[in-house]
Amino acid sequence: MRFVYTDGGNSDFIELCHELDNFLNELVGGEENRAEYIPYNQLDDIHDVIVAYDDDIPVGSASFKKYDNECAEVKRVFIKREYRGRGISNKLMELLENAAKEQGYHYLILESGEQLVAAMALYRKIGYKVIPNYGQYKDMPDSVCMRKKL
C-alpha cells in the first residue's frame, strides 16, 4: 500500500468521491435524502488530499480543508468496500492529522453520522470527541460533529 499526497483536482480522488457519494446515496435511500449536505462536499476548496493505492489502484482517500486559523475540517474519507477492514482508514487519518499539524493546525473537526457505523467507530477509536454541531451542520439533527486536538 502506498499513500500519495495530492489536491482536490486529482482524478483518482475525484473518482473515489463519486464512489463515496454513491455509497452514501445507497445508505440513505437516494441522493434526495442527503441533498442538504451536497453543497458542503464540493472539492473546490480542498487542497490537502491523501490517496491510498494498492499498486496502481486507488482504494481510499481522506482530505482536509481550512476551517479557521487553528482548525481544519476533515472531508471525504472513503475506502472502497473490498479494501475495508485492513487498517487503511487508520493510516489515512494518521497521515492526514500529521499533515494538518505540520501546517500549524491545532485541531481537526469533522461531520459524520450514526448511520456511518464504521466511520464513527474509527473516529472514536482514534480520539475524536463529539462536539456541538458547528457551522452549516448546526441545524442538521442527523449530523454528528467531532473534534480532535492535534
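Just so it is clear, the model here is predicted, and its values are computed rather than measured.

A. Geometry of the nonpolar core. Core analysis: the biggest nonpolar cluster contains 27 residues, and Phe64, Val74, Met93, Tyr123 and Tyr128 have the highest contact counts within it. Those elements giving two or more residues to this core turn out to be strand E2 (48–54), strand E3 (57–66), strand E4 (71–79), helix H2 (88–102), strand E5 (107–112), helix H3 (117–125) and strand E7 (144–149). Counting residues per element, this core draws most heavily on H2, which supplies seven residues. In this structure, Cys17, Val49, Val51 and Phe78 belong to the second largest nonpolar core, which totals eleven residues.

B. Just the side chain of Lys148, in detail. If you trace the backbone, Lys148 turns up in strand E7. From its side chain, Lys148 meets the backbone oxygen of Ile126 in a polar contact 2.6 Å long. Setting aside chain neighbours within four positions, we find Lys148 in contact with Glu97, His106, Tyr107, Leu108, Ile126, Gly127 and Tyr128.

C. How the structure looks around the pairing of E7. In this sheet, E7 lies alongside E5 in antiparallel orientation, the contact comprising six bridges. Bridged to Glu111 within E7 is Cys145. Bridging between strand E6 (residues 129–131) and E7 involves three bridges; their strand directions are antiparallel. Directly across from Ile131, in E7, lies its bridge partner Cys145.

D. Broad picture of the environment of Ala119. In this structure, Ala119 sits in helix H3. Each C-alpha atom, one on Ala119 and one on Ser89, is 8.8 Å from the other, the two residues being 30 residues apart in sequence.

E. Broad picture of the packing of aromatic side chains. Throughout the structure, instances matching the rule amount to four aromatic pairs. Ring geometry for Tyr134 versus Tyr137: centroids 5.5 Å apart, planes at 90°, classification edge-to-face. Judged on exposure class, the residue Tyr134 and its partner Tyr137 are both buried. Feature note: the residues Tyr67, Tyr134 and Tyr137 constitute an aromatic cluster, connected by ring pairs. Just above the ring of Tyr53 sits the side chain of Arg2; from NZ or CZ to the centre is 4.5 Å. In this structure, Arg147 packs its charged tip against the face of Tyr107, placed 4.0 Å from the ring centre.

F. Examining unusual backbone geometry more closely. Unlike most non-glycine residues, Asp55 shows phi in positive territory, near 55°. Residue classification places Asp55 among the exposed residues on the basis of a relative accessible area of 65%. Positive phi is not limited to glycine here, since Arg76 has a value of about 55°. Here Arg76 falls in the buried class, since its relative accessible area comes to 6%.

G. A look at the pairing of E5. In terms of burial, E5 is a largely internal element, five of the six residues being buried. As paired elements, E4 and E5 share three bridges and run parallel to each other. By the bridge assignment for E5, Ala72 is matched with Leu108. You can see the chain leave E4, run along H2 and come back into E5, and the turn it takes is right-handed.

Reading the values: rules and limits
Residues take numbers from 1 onward in each chain, read along the sequence in its written order. Two thresholds apply to this predicted model, a pLDDT of at least 70 for residue-level local features and 80 or more for giving and counting side-chain atom pairs, whereas whole-chain, interface and lining totals are computed over all residues. Values shown for side chains rest on all heavy atoms present in the structure; no hydrogens or waters enter the calculation. For our purposes a nonpolar core is just a set of buried Ala, Val, Leu, Ile, Met, Phe, Trp, Tyr and Cys residues, chained together by side-chain atoms within 4.5 Å. Under the scheme applied here, a residue whose accessible area is under 20% of the maximum for its type counts as buried, over 50% as exposed, and between as partly exposed, the area being computed with a 1.4 Å probe on protein chains only. Strands here are runs of E lasting at least two residues and helices are runs of H or I lasting at least four, both read from the DSSP assignment and numbered beginning at the N terminus. Pairs of N or O atoms within 3.5 Å make up the polar contacts considered here, provided that, within protein, one atom can donate a hydrogen while the other can accept it, and that residues adjacent in sequence are counted only when both atoms are side-chain atoms. Throughout, a residue-residue contact means that at least one pair of heavy atoms, one from each residue, lies within 4.5 Å. A strand pair is defined by DSSP finding two or more bridges across the two strands. Under the pairing criterion, centres of Phe, Tyr and Trp rings, with the six-membered ring standing for Trp, must be within 6.5 Å; the plane angle then separates stacked pairs below 30 degrees from edge-to-face pairs above 60, leaving the rest tilted. Two thresholds decide whether a charge sits over a ring: the Lys NZ or Arg CZ must be within 6 Å of the ring centre and within 35 degrees of the ring normal. Convention used here: a crossover is right-handed provided that the path from the first strand, over the helix, to the second strand proceeds clockwise when the strands point away from the viewer.

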